[in-house]
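# Structure assessment
Each chain, written out:
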Amino acid sequence: MTTNKNNEKELKSFFNKEYHNLKAYVHSKIENDVDRDAEDIIQDVALKIFSRKEVVPINNVAGFVYHSIKNRIIDSMRKKRLS
């Protein structure tokens, strides 16, 4: 359980410090698409990360979060293309 608490602590700290940078990253990837909001994507990713039941330690929090956000952007683009 300690690993889960450490993950949560590191993730909260990362999101608090890097929220503006995460938002800029999302805007840079979806600048042509007004329908998607950067904050919504970040919050979706944060919700999924914090609700994980896995107790696997996250060694590179920044890489994990940015990779998760990139995957979420790709998923949302695929959904729009299929619609």
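Here, every reference points to the structure presented above.
In this report, the structure presented in the accompanying data block is examined. The numbering scheme is per chain: residues are counted from 1 as the chain's sequence reads. Given that the model is predicted, a residue must reach a pLDDT of at least 70 before its local features are reported, and side-chain atom pairs must reach 80 or more before they are shown or counted; all residues, however, enter totals for whole chains, interfaces and linings. Calculation of side-chain values draws on the structure's entire complement of heavy atoms; hydrogens and water are dropped beforehand.

Counting 17 residues, the largest nonpolar core has L11, F15, L22, V26, V65 and I69 as its most contacted members. In this description a helix means any DSSP run of H or I spanning at least four residues, a strand means any run of E spanning at least two, and both kinds are numbered starting from the N terminus. For this core, the secondary structure elements donating two or more residues are α1 (2-29), α2 (38-50) and α3 (61-82). In terms of residues, this core owes the most to one element, α2, which gives 6 residues. Those residues in contact with V65 that lie beyond four places of it in its chain are L11, F14, F15, L22 and I49. Only buried residues count toward a nonpolar core. Its members are Ala, Val, Leu, Ile, Met, Phe, Trp, Tyr and Cys residues joined through side-chain atoms within 4.5 Å. With a 1.4 Å probe rolled over the protein chains alone, any residue whose accessible area is under 20% of its type maximum counts as buried; one over 50% counts as exposed, and the rest are partly exposed. Should any heavy atoms of two residues lie within 4.5 Å, those residues are counted as being in contact.

Here we come to the packing of aromatic side chains. Stacked, tilted and edge-to-face are the three classes assigned to paired rings of Phe, Tyr and Trp, where Trp is represented by its six-membered ring and a pair needs centres within 6.5 Å; plane angles under 30 degrees give stacked, over 60 edge-to-face, the rest tilted. Per the stated rule, a full pass over the model turns up 4 aromatic pairs. Between F14 and F15 the ring centres are 6.2 Å apart and the planes differ by 75 degrees, which places this aromatic pair in the edge-to-face class. Taken as a pair, F14 and F15 share a single burial class, namely buried. Judged by its relative accessible area of 12%, F14 falls in the buried class. One aromatic cluster is present, built from ring pairs that chain together F14, F15, Y25, F50 and Y66.

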